[in-house]
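Breakdown of the fold
The residues making up each chain are set out below.
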Amino acid sequence: MSMFKHLQRPSLQNGLAPLFIRLIVGCVFLSEGIQKFLFAEALGVGRFRTIGIPAPEIMAPFVGVVEIVFGALVILGLLTRLASIPLLINISVAIATTKIPMLINKGFWPAAHEARVDFSMLLGSAFLVVVGGGMWSLDAWIARRRKNPAEPGRST
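Read on for a plain summary of the structure. (Residues numbered from 1 in each chain as written. Predicted model: local features only at pLDDT ≥ 70, side-chain atom pairs only at ≥ 80, totals over all residues. Heavy atoms only, no water.)

**With respect to the pattern of salt bridges**
Where side chains of opposite charge bring their charged atoms close, a pairing between them can arise. How we decide: Each reported salt bridge corresponds to a side-chain nitrogen of Lys or Arg within 4 Å of a carboxyl oxygen of Asp or Glu. Think of it this way: any DSSP run of H or I at least four residues long counts as a helix, any run of E at least two long counts as a strand, and we number them from the N terminus. Throughout, exposure labels follow a simple rule: accessible area from a 1.4 Å probe, protein chains only, divided by the maximum for the residue type, with under 20% read as buried, over 50% as exposed, and the rest as partly exposed.
Scanning the entire structure with this criterion turns up three salt bridges. Note that Asp118 and Lys99 form a salt bridge whose closest N and O atoms lie 3.1 Å from each other. Taken as a pair, Asp118 in helix 7 (residues 116-131) and Lys99 in helix 5 (residues 80-106) lie far apart in primary sequence, 19 residues in all. Of the two residues, Asp118 and Lys99, both sit in the buried class.

**Observations regarding helix 7**
For clarity, the threshold we go by: Here the expected span of a helix is defined as 1.5 Å times the quantity of residues minus one. The directions from the helix axis to the C-beta atoms are what the arc is built from.
Between the first and last C-alpha of helix 7 there are 22 Å, a value that for 16 residues agrees with the 22 Å anticipated at 1.5 Å per step. Of all the positions in helix 7, only Asp118, Met121, Gly124, Ser125 and Leu128 are classed as buried. Buried residues of helix 7, viewed axially, fall in a sector of 130°; they line one side. Gly132 occupies a position one or two residues after helix 7 and carries a positive phi of about 85°.

**Section: the side chain of Asp118**
Applicable threshold: For the purposes of these results, a polar contact is taken to be a pair of N or O atoms within 3.5 Å, where, inside protein, one atom must be able to donate a hydrogen and its partner to accept one; residues adjacent in sequence count only when each atom of the pair is a side-chain atom. Whether two residues are in contact is decided by their heavy atoms, any of which lying within 4.5 Å being enough.
Its relative accessible area of 11% is what places Asp118 among the buried residues. A distance of 3.1 Å separates a polar atom in the side chain of Asp118 from a polar atom in the side chain of Lys99. With residues up to four places along the chain from it excluded, the contact list for Asp118 reads Ile91, Ala94, Ile95, Thr98 and Lys99.

**A closer look at the packing of aromatic side chains**
Note the following rule: Centre distance within 6.5 Å is the pairing criterion for rings of Phe, Tyr and Trp, where only the six-membered ring of Trp is used; planes under 30 degrees apart are then read as stacked, over 60 as edge-to-face, and the remainder as tilted.
Scanning the model with the defined rule gives one aromatic pair in all. A ring pair is formed by Phe108 and Trp109, whose centres lie 4.7 Å apart and whose planes are at 75°; its orientation type is edge-to-face.

**Notes on the nonpolar core**
Side chains of nonpolar character tend, in soluble globular proteins, to be buried together. We count it as follows: Here, nonpolar core refers to any group of buried Ala, Val, Leu, Ile, Met, Phe, Trp, Tyr and Cys residues whose side-chain atoms link them within 4.5 Å.
Residues Val25, Phe29, Leu73, Val74, Ala83, Leu87, Ile91, Ala94, Ile95, Met121 and Leu128 constitute the largest nonpolar core, which totals eleven residues. For this core, the secondary structure elements donating two or more residues are helix 1 (10-38), helix 4 (56-76), helix 5 and helix 7. Broken down by element, the residue count for this core peaks at five residues, all from helix 5. By size, the runner-up hydrophobic cluster in this structure holds five residues, among which are Val45, Phe48, Ala60 and Val63.

Printed below as a string of structure tokens:
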């Protein structure tokens, strides 16, 4: 047990776990948002039209921008809790519109296979809403700067 003692330091528990979750969640959403524009017919407007999303010409670009902007904020750890909320809503709608119908029509195992990334993004986003960006985030850096402002006369 003593060989794992170093893993129990608060800096690792509070710093690396949120960092890793931020990178996973942020990179997946950022990538998916970009792909909605790069491959519009397969992943953007065309896909939204196929699955019956109303006004796909408006909704697909809107969702793409949401994924890009808030995914990038999550990666940076800037406004992490706030930025995770639209991503949580986004993935909940994706599950409701694509994975639940698959569950009903094709059964549990095909839906479980297709929903693995969605479910991971749902839990990762929920984790970030609860925990925040952690100590290796711009949120924490800003908080430290506010708590310990530069000494008068010292350049920043």
